[in-house]
Amino acid sequence: MGGGGGGITYKGVTVHTPKTWHTVAGKGLCGVMWFWILYRAKQDGPVVMGWRHPWDGHGDHGHGDHH
């Protein structure tokens with residue numbers, strides 16, 4: 001079916017060689033993905049690891065402890 005070009009055929013399935021822009025875009029998006037994962041781990045890590053509860057707050061709301 002469709003298009004020529006190189007590729008590897010195994011048991012009747014042909015896997016075509018990716019174009020350069022697909023490879024570059026994939027590597028770029030992979031970098032963005034890891035940046036996002038590490039950023040969220042920095043922000044939410046203590047809650048995920050159980051070191052801090054999400055309802056404890058950050059302690060910087062300015063309300064004070066005098067209620």
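Refer to the preceding data block for the structure.
For clarity, every value in this text was computed on a predicted model and none was experimentally measured.

Before going further, it helps to examine the packing of aromatic side chains. For the structure shown, the criterion picks out two aromatic pairs. With 6.4 Å between their ring centres and 15 degrees between their planes, Phe35 and Tyr39 make a pair best called stacked. On the criterion of helical spacing, the pair formed by Phe35 and Tyr39 is a turn pair, its members being four residues apart in helix 1 (residues 20-49). The class of Phe35 is exposed, set by a relative accessible area of 59%. Judged by its relative accessible area of 36%, Tyr39 falls in the partly exposed class. When the centroid spacing of 5.8 Å and the interplanar angle of 35 degrees are considered together, the rings of Trp36 and Tyr39 count as tilted. Taken together, the residues Trp36 and Tyr39, both in helix 1 and three residues apart, mark about one turn of the helix. Among the aromatic residues, those joined into a cluster by ring pairs are Phe35, Trp36 and Tyr39.

A separate point is the pairing of strand 2 (residues 13-16). Pairing of strand 1 (residues 7-10) with strand 2, which is carried by four bridges, proceeds in the antiparallel orientation. Each bridged residue has a counterpart across the sheet, and for Tyr10 the counterpart in strand 2 is Val13. What sits between the antiparallel neighbours strand 1 and strand 2 is a turn of two residues, in which Lys11 has the positive phi angle 50 degrees.

About the thresholds
- Residues numbered from 1 in each chain as written.
- Predicted model: local features only at pLDDT ≥ 70, side-chain atom pairs only at ≥ 80, totals over all residues.
- Heavy atoms only, no water.
- Phe/Tyr/Trp six-rings, centres within 6.5 Å; stacked < 30°, edge-to-face > 60°.
- Helix = DSSP H or I, 4+ residues; strand = E, 2+ residues; numbered from the N terminus.
- Buried < 20%, exposed > 50% of the residue type's maximum accessible area, 1.4 Å probe, protein only.
- Pairing = 2+ DSSP bridges.

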